[in-house]
Amino acid sequence: MSNARAAVPARPPHTPLRPTWCCRTDGQPWPCGEARLLLRAEYEHNLTGLSIYLAGLMHEAMRDLYHLNPHDAPTPPVLFSRFLAWTRPRRHPPPTRRSCSCGP
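Residues numbered from 1 in each chain as written. Predicted model: local features only at pLDDT ≥ 70, side-chain atom pairs only at ≥ 80, totals over all residues. Heavy atoms only, no water.

Chemist: Whenever I open this one, the overall build of the chain confuses me. Can you help?
Modeler: Helices and strands together make up the secondary structure of the chain, namely 3 helices and 2 strands. Ordered by position from N to C terminus, the α and β elements of the chain give β-β-α-α-α. Expressed as a percentage of the 104 residues in the chain, the buried residues total 25%. Within the chain, residue pairs in contact and separated by at least 24 positions form 45% of the contacts whose partners lie at least 6 positions apart. Carbon and sulfur atoms make up 58% of the accessible area of the chain, which totals about 8300 Å². (Helix = DSSP H or I, 4+ residues; strand = E, 2+ residues; numbered from the N terminus. Buried < 20%, exposed > 50% of the residue type's maximum accessible area, 1.4 Å probe, protein only. Contact = heavy atoms within 4.5 Å. Areas by Shrake-Rupley, 256 points an atom, 1.4 Å probe, with all protein chains shown as cover.)

If you want it as C-alpha cells, here you go:
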C-alpha cells in the first residue's frame, strides 16, 4: 500500500479577476470575505500598509469598472466600503472605571 494521498486539485487563490473585480475562487465582489480574512492576517501588524495597498487597487477597480460600464458602475461610496472601510482598526470602548467600595 502506498501512503501517497490522492492529488487534490489546487483552488485558485482569492484574488481579483480583472476587469470585473470578482473573486477568482467564489465569484463574489473582490475583496470577498475570504480575501479580507487572508489580507487581514497578512497585514496584521501593518493596517496602514493594507489600506494603502487597497486604496491603489480601489483606484484601478474604479478605472476598470467605469470603463466596462460607465452608467452602472458601483458608486465611489460603495467602492470605498468594499475596499477600505473594513480595514479600519476596531475601536473598543475604554474600560469603565469601577469605584472601589473598600474603605480605609
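Chemist: Could you clarify how one ought to interpret unusual backbone geometry in this entry?
Modeler: Negative phi is the rule for most residues except glycine; trans is the rule for most peptide bonds. A cis amide bond links R18 to the next residue, P19, at an omega of 15°. Turning to its location among the elements, P19 is positioned in the loop between β1 (16–17) and β2 (22–23). P31 follows W30 through a cis peptide bond whose omega is 5°. On the secondary structure map, P31 appears in the loop between β2 and α1 (33–42). A positive phi is found at W21, a non-glycine position, where the angle reads about 60°. The residue W21 is located in the loop between β1 and β2 in this model. Here W21 falls in the buried class, since its relative accessible area comes to 1%.

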